[in-house]
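Examining the three-dimensional arrangement
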Amino acid sequence: MRFSALCRLSRGAAAAPLAGSAPRRGTASSWGRCAKQQAGGGGSCSARGSAAGEIIQSSKKVLALLQKGHPTFTPTLAIVQASDEDLVQEVNQNFAKEIGLHVVHICLPHGSSEDEIVGEILRLNEDPTVHGVALHLSENAYSNKILNAVKPEKDVDGVSDVNLGRLVRGDTYNCSISPTASAVMELLEKLVKTVDGKKVLLVGTCGPLEASLQCLLQRKGAMTMSCQWKTQQLQSKLHQADVVVVGSTKPKEIPVSWIRPGTTIVSCYPDFLSGEHGYGQDLKYSNQSAIEAVGPLTIAMRMQNMVKTSERWIRSQQYREWNLHCLKLQPLSPVPSDIEISRGQSPKAVDVLAKEIGLLADEIEIYGQTKAKVRLSLLERLKDQPDGKYVLVAGITPTPLGEGKSTVTIGLVQALTAHLNVNSFACLRQPSQGPTFGVKGGAAGGGYAQVIPMEEFNLHLTGDIHAITAANNLLAAAVDARILHESTQSDKALYSRLVPVVNGVREFSSIQLARLKRLGINKTDPGTLTADEISKFVRLDIDPSTITWQRVLDTNDRFLRKITIGQANTEKGFFRQAQFDIAVASEIMAILALTTSLADMKERLGKMVVANDKNGQPVTAEDLGVTGALAVLMKDAIKPTLMQTLEGTPVFVHAGPFANIAHGNSSVLADKIALKLVGEGGFVVTEAGFGADIGMEKFFNIKCRASGLVPSVVVLVATVRALKMHGGGPNVTAGAPLKKEYTEENLQLVADGCCNLQKQIQIAQLFGVPVVVALNVFKTDSHAEVDLVCEIAKQSGAFDAVPCNHWSAGGRGTVELAQAVRKAASQENSFKYLYNLELPIIEKIRIIAQKVYGAEDIELSPVAQSQISRYSKQGFGNLPICMAKTHLSLSHQPERKGVPTGFILPISDVRASIGAGFIYPLVGTMSTMPGLPTRPCFYDIDLDPDTEQVKGLF
């Protein structure tokens, strides 16, 4: 009888090489001793010619090739132990070290509960530095819940149902196979050459091991039987078998004589090797028997699995071709309401969409069924992937109704991807709830060019604006509280409270140490500061009259434009005038839109200037010690939100600064991630708020400077309606019916109003980027009017001008635009900024006023002049300019349409968003808190209590 013992570490093969064998006490210790002895005392594979040694050497070569192409990659195997056995871990460590793998050994208390073990496994599943997970638990700790908690991609022992299913289906390329089962097959190949046609009996095996062995043996042509030791007719089964695979200790009452001579025995259990039950004596008696040292083979197989897992991990990190399944549209006529259209389309589950565009499962955080946050780790994974083309959608000076930039953006990507089969991404701003409930309504697009579900897009989304509100108001509270405490306490009392004794120890926090360093105090022991140093440290001496940081709210509320705070008796007479801004006007929103990483955001938050001290020096969020807390509140908001269009193409929704009082663009991070995802031949289409003179100018001079990205094309959106207004048509008022001039053909008004279109084309050309005009067609527009606009646009320097019917036809209505954009993107690009940052603040303002707005000159108020001098002295003179100006005219006067000339642009004030990284002059009177109209949108918004569906949004 030939005998080979394949030793067992523990049940389930999870950490133990044996999956599914019935456990007994002392197993791990026995296995550890025998494995260590057979591996040469220290658990290494130095023994030349051994099966384990060959596998280790082969795995070592494969890993070396992997690391040659990825030199910084170190595969890490985490072994979770909740048992008292340490010998096996030494063998794991030594084998891993020889191959070049890193092993993390996690020791849980013996007797840890199932939930505690599962919790640790789930943590390791989410750890991007861990590439494989194995379990080494006490004999009775294994359960289906624990085994299936291991992420299939990290399951190096092949114990999860997913890996077993892949094995059964024959997908061995993408699964890990039980190391014990692989070791058994390796042994049989050496011992019996082939199992084809042989009868193989599995005795005492169960679970993943039994399933794996059955599958592998049958695939090799063996006839398999499986039973337990107490099975009736066991003697007959043993006598018939050519090969017996033993998965647990043989009971004493079953004699070895039941196994016929010449049978090959492979044991997955160490006691079979030890001779504890008399096996050794019986086998020595048979001169046909041979005992082979195979204990380490299972761990060698585990390490081989770990190398294969590493290969799969590296492949998974590479760029994936899109496999996008677009949704079909069936446009109706007349076109239903926006919300009816949105409800009529069933969106894909967001995890399905994410997979289709190449996102990994651990790169998304799902919010419900249709939204997901995308983690910034993707940028590191795809850092070597070439970017796609970068397209900006801007517009002519709009009417109060808006001219459809969002719908054009969405229609364009629907055309590119759903109809031309080109990867594309739309990057949009998150809408403020102020306009949603005020007069403008939502911002999800409209008609058959929408982001869906539109009610989720327009209401709350994933809570980013709420996070900004919380962070902004925390800082505002910190400012007033600090002034109060400094005005009512001595230096000593302040110091005692700012640096308290905790558990007998007094120490500075990290942010306080940073403040000491900025003050030039190079001390770390709170007890060593002098009285003068303590005074400098505890006193910010904020001048209340210079406070620029306001509280915010995401609601249009005109009565918060000027308020008095601090009137309660508890505030000890400290009161001052203040105001609320709308949340999207917060500098934190601007920072979110311009930041490039979590570290960059934290740095920017710390730099925010909230006031000046009484010596005229800036006081920052970092000085107030609140930077870390702000970053914590914003840690999820920094991740873009993934949604989809009506045709199932991907959309990022992230950040939402207004363009008239901020820079008016979606986030740099969303653009950067999208550019990587679409690939070299794809397109990312983003939108700039209001007219090209405002949103586009800030996109180029502020956003592109922050991102380093270069745009390929500008799509300039125009409407016949807006051109008629600029040509001298009557006023357009939101909520009021349009006058007949706008609903009847009037070629003269259109021709006269094209001056505004021509001016906006010229503004885009200042930056050296080709322009494609997209004429957003309404049903009241005549063919002659449409043709006239397109002809004038081309004569004025546009690369092309295309009528668009996306509102009524979806992506099919913008295919011609998509084709024009692709052609324009292939042209030479001579992108340049409008001004040099080294110029004085006044000169940069003048360049924008004259070259973009067409002003004759600028006029600074005394307040503006004083602020410019202050910012220049404080070292902020080299920042770009973000003009706060009306969007309804190229000038500062909303009623002046067309292309005003000869005007002097008044600069009433100049403020600084140092964290965001720009100076913003206020042109004329600009409100940062909108008000509600007589009949706000909320009159039409309702909730069906039975279906929980939102009604009335548009």
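Per chain, the residues get numbers from 1 upward, laid out in the order the sequence is written. Totals for whole chains, interfaces and linings use every residue, but because this is a predicted model, local features are given only for residues with pLDDT of at least 70 and side-chain atom pairs only at 80 or more, for both listing and counting. Side-chain measures here rest on the full set of heavy atoms in the structure, leaving out hydrogens and waters.

Fitted lines through C-alpha atoms give the axes, limited to the stretch in contact for helices. The angle between two N-to-C directions lies from 0 to 180 degrees. Strands here mean DSSP runs of E at least two residues long; helices mean DSSP runs of H or I at least four residues long; both are numbered from the N terminus. Contact geometry for helix α34 (residues 841-853) and helix α35 (residues 862-873): axes closest at 10 Å, N-to-C directions at 125 degrees. Taken together, the axes of α34 and α35 lie oblique to each other. For the pair α34 and α35, the contacting residues are Ile841, Ile842 and Ile845 in the first and Gln865, Ile868, Tyr871 and Ser872 in the second. Classifying every residue of the contact of α34 with α35 by side-chain character gives five nonpolar, two polar and no charged. The scheme is simple: roughly parallel for angles under 35 degrees, roughly antiparallel for over 145, roughly perpendicular for 65 to 115, oblique for anything else. Any two residues having at least one pair of non-hydrogen atoms within 4.5 Å are treated as being in contact. Residue classes follow a fixed rule: Ala, Val, Leu, Ile, Met, Phe, Trp, Tyr, Cys and Pro count as nonpolar, while Asp, Glu, Lys and Arg count as charged, and any other residue, Gly among them, counts as polar.

For the rest of this paragraph, the subject is the pattern of salt bridges. Salt bridge, as used here: a side-chain nitrogen of Lys or Arg that lies within 4 Å of a carboxyl oxygen of Asp or Glu. Under the counting rule described, the total for this entry stands at 36 salt bridges. As a salt-bridge pair, Lys373 and Asp464 come within 2.7 Å of each other at their nearest N and O atoms. Linking Lys373 in strand β10 (residues 371-374) with Asp464 in helix α19 (residues 464-488), this pair joins segments that are 91 residues apart in sequence. When a residue's accessible area, from a 1.4 Å probe over protein chains only, is under 20% of the maximum for its type it is buried; when over 50% it is exposed; and in between it is partly exposed. Residue class for Lys373 comes out buried when judged on its relative accessible area of 0%. Asp464 sits in the buried class, given a relative accessible area of 2%. Note that Asp800 and Lys794 form a salt bridge whose closest N and O atoms lie 3.9 Å from each other. With relative accessibility at 22%, the residue Asp800 sits in the partly exposed group. Three or more residues are tied together by salt bridges with common partners; here these are Glu126, Glu365, Arg375, Lys635, Asp636 and Lys639.

Let's shift gears to the pairing of strand β14 (residues 449-452). In β14, alternate side chains face the same way, and those of Ala449 and Val451 on one face and Gln450 and Ile452 on the other are all buried. Think of it this way: DSSP has to see at least two bridges between two strands before they count as a pair. Examined bridge by bridge, strand β13 (residues 445-446) and β14 share two bridges and lie antiparallel to one another. Bridging across to β14, Gly446 finds its partner in Ala449. Here β13 hands over to β14 after two residues, with Gly447 in that stretch at a positive phi of 60 degrees. Note that β14 and strand β23 (residues 641-645) share two bridges and pair antiparallel. Bridge assignment links Ile452 to a residue of β23, and that residue is Gln644.

In this section: helix α16 (residues 405-419). Compared with the 21 Å implied by 1.5 Å per residue over 15 residues, the 20 Å span of α16 between its first and last C-alpha is a close match. Of all the 15 residues making up α16, 13 are buried; the element is thus mostly covered by neighbouring parts of the structure. Asn421 occupies a position one or two residues after α16 and carries a positive phi of about 60 degrees. Take the number of residues in a helix, subtract one, and multiply by 1.5 Å to get its expected span.

It is worth spelling out the side chain of Glu403 at this point. Mapped onto the elements, Glu403 comes out in the loop between β11 (389-395) and α16. Relative accessible area serves as the criterion here: at 5%, Glu403 is assigned to the buried category. Think of a polar contact as two N or O atoms within 3.5 Å of one another; within protein, one of them needs to be a possible hydrogen donor and the other a possible acceptor, and neighboring residues in sequence only count if both atoms come from side chains. Polar contacts involving the side chain of Glu403 include one to the side chain of Thr399, which spans 2.6 Å. Of note is the side chain of Glu403, whose polar atom sits 2.5 Å from the side chain of Thr719. Leave out the neighbours within four places in its chain, and Glu403 touches Pro398, Val717, Thr719, Arg721, Ala722 and Asn776.

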